[in-house]
Amino acid sequence: MFENLKMGILGGGQLGAMLIRHAIDLGLNVSVMEKDANAPCSRYTSSFFCADTTSYEAVLEFGKDLDIITIEREAVNIDALRELQKQGVKVYPSPDTIAVIQDKFTQKQFLQSHNIPVAAGEAVQGKNDLYALESKLPFCLKKRRDGYDGYGVMVLKTKEDIASAFDAPCVVEELVDIKREIAVIVARNEHGEVKCYDAVAMVFSEEKFILDFQEAPAQLDEAILKEAATLAEKIAEALNLVGIVAVEMFVTKDNKVIVNELAPRPHNSGHHTIEASVTSQYEQLLRAILGLPLGDTSLLFPSLMLNILDSTSLNANKEEKIKSILRVPGAHLHWYGKIGHRPGRKIGHITIADNTMESVLSKAEIIRKVLN
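S.K.: Help me understand helix α3 (residues 78–86) in this model?
M.R.: Two residues of an α-helix separated by three or four positions point the same way, owing to the 3.6 residues in each turn. Listing the buried residues of α3 in full gives Ile78, Ala80, Leu81 and Leu84. Take α3 and look down its axis: the buried residues cluster within an arc of 160 degrees, on one side only. The inward-facing, buried residues of α3 abut β1 (6–10), α2 (56–63), β4 (68–71), β5 (90–91) and α4 (95–102). Its side-chain oxygen 3.2 Å from the backbone nitrogen of Asp79, Asn77 forms the N-cap of α3. Backbone geometry just downstream of α3 places Gly88 in the positive-phi region, at approximately 105 degrees.

Encoded structure:
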């Protein structure tokens, strides 16, 4: 059906690798562009272009013979994608959608303009601007561009903390009194069909601001879950989305739901959908950008997704630890095959699926002890 369709992915990390896995089911030819020659995708396609996704010339060259392009990261050259679009290449999500989201302040302004509740915030050009905001401490500081996996986020509590703050264009956000952090992945195709996955609860490392684990479904009042889904659908429509967007949200102590950030691509909070949902987020993305009917987003089992971070203790006895994890019934290992070592980076994840959340949580505790 799609044997002659040439698809490209900008970015070659684990998200792209999992997308390729699902593209194979549809018989797609997939090319990948990534500047790291050893990136996970490099071993899964014979059409791997080693180049920078932020380079105008490189993206233009990569895309000129393709039929459709999607992304697995936001750091891509928008001007090149707009030019490719003019030349007849389908780009999903659209360059305009990516442009809105890749700058966190532009993203916040967009959401506010569509009456989507967000944390209050303002733009600063660099570290020196923060001294004028001393009276607002403590606050959260986020780089406007290129932040990921906790890189580009910090909390400043005192005037002394400003000395070690990012010296780059940032967004200053007031701290939110958070009860839970949740995420909803929403898909929309070019025909305007929209579908949401159940909200998941996310727990982050307080030190690194990186996702530690998530539970699906989120154990919250039905009214809150319904409001989260409604906001996600509203955002998809406002963006005129073709593809998927992960909508990260805060549930406050007084049960308000406010949007934190958007990611217009597969997302860490949706990895569980491979084993636990009727349609995975990766298959759903392909369905959306290929103009196919969207898949059923129903959750088949309660599940928990646990990130595996690179560490000295893990590497000391990795093979035995992995065997121990795989002895746990219902545990599914995804090893990304990243080359080299860098403490704290994501090198894999484990999804645990079972008939009850109690059983899932019990198995997760066993696996945590193995990893630590």
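S.K.: Would you explain the sheet that holds β5 in this entry?
M.R.: Two pairing modes exist for strands in a sheet, parallel and antiparallel, and in both the strands are linked by backbone hydrogen bonds. Pairing is parallel in the open sheet, where 5 strands are placed in the order β3-β2-β1-β4-β5. In the strand order of this sheet, the two ends are held by β3 (48–49) and β5, each with one partner. Pairing of β1 with β4 involves 4 bridges; the strand directions are parallel. Counted as the bridge partner of Gly8 is Ile69 from β4. In the packing of helix α1 (residues 14–25) onto the sheet, contacts are made with β1, β2 (29–33) and β4, and the angle to β1 comes to roughly 165 degrees.

S.K.: How should I be thinking about the side chain of Thr279 in this particular structure?
M.R.: Of note, Thr279 is situated in the loop between α7 (273–276) and α8 (281–289). For Thr279, the side chain forms a polar contact with the main-chain oxygen of Asp296, separated by 2.8 Å.

S.K.: I would appreciate a short explanation of the packing of α4 against helix α5 (residues 104–113) in the present structure.
M.R.: For any two helices packed against each other, one specifies the inter-axial angle together with the distance between the axes. At a closest axis distance of 5 Å, the pairing of α4 and α5 adopts a crossing angle of 105 degrees. Classed by the angle they form, the pair α4 and α5 counts as roughly perpendicular. Residues Ala99, Val100, Ile101 and Gln102 of α4 pack against Lys104, Thr106, Gln107 and Phe110 of α5. Partitioned by chemical class, the residues of the contact of α4 with α5 number 4 nonpolar, 3 polar and 1 charged.

Rules used in this analysis
Residues numbered from 1 in each chain as written. Predicted model: local features only at pLDDT ≥ 70, side-chain atom pairs only at ≥ 80, totals over all residues. Heavy atoms only, no water. Buried < 20%, exposed > 50% of the residue type's maximum accessible area, 1.4 Å probe, protein only. Helix = DSSP H or I, 4+ residues; strand = E, 2+ residues; numbered from the N terminus. Arc of directions from axis to C-beta. Contact = heavy atoms within 4.5 Å. Polar contact = N/O pair within 3.5 Å; in protein donor to acceptor, adjacent residues only side chain to side chain. Pairing = 2+ DSSP bridges. Axes fitted to C-alpha atoms, helices over the stretch in contact; angles between N-to-C directions. Parallel < 35°, antiparallel > 145°, perpendicular 65-115°, else oblique. Nonpolar A, V, L, I, M, F, W, Y, C, P; charged D, E, K, R; others polar.

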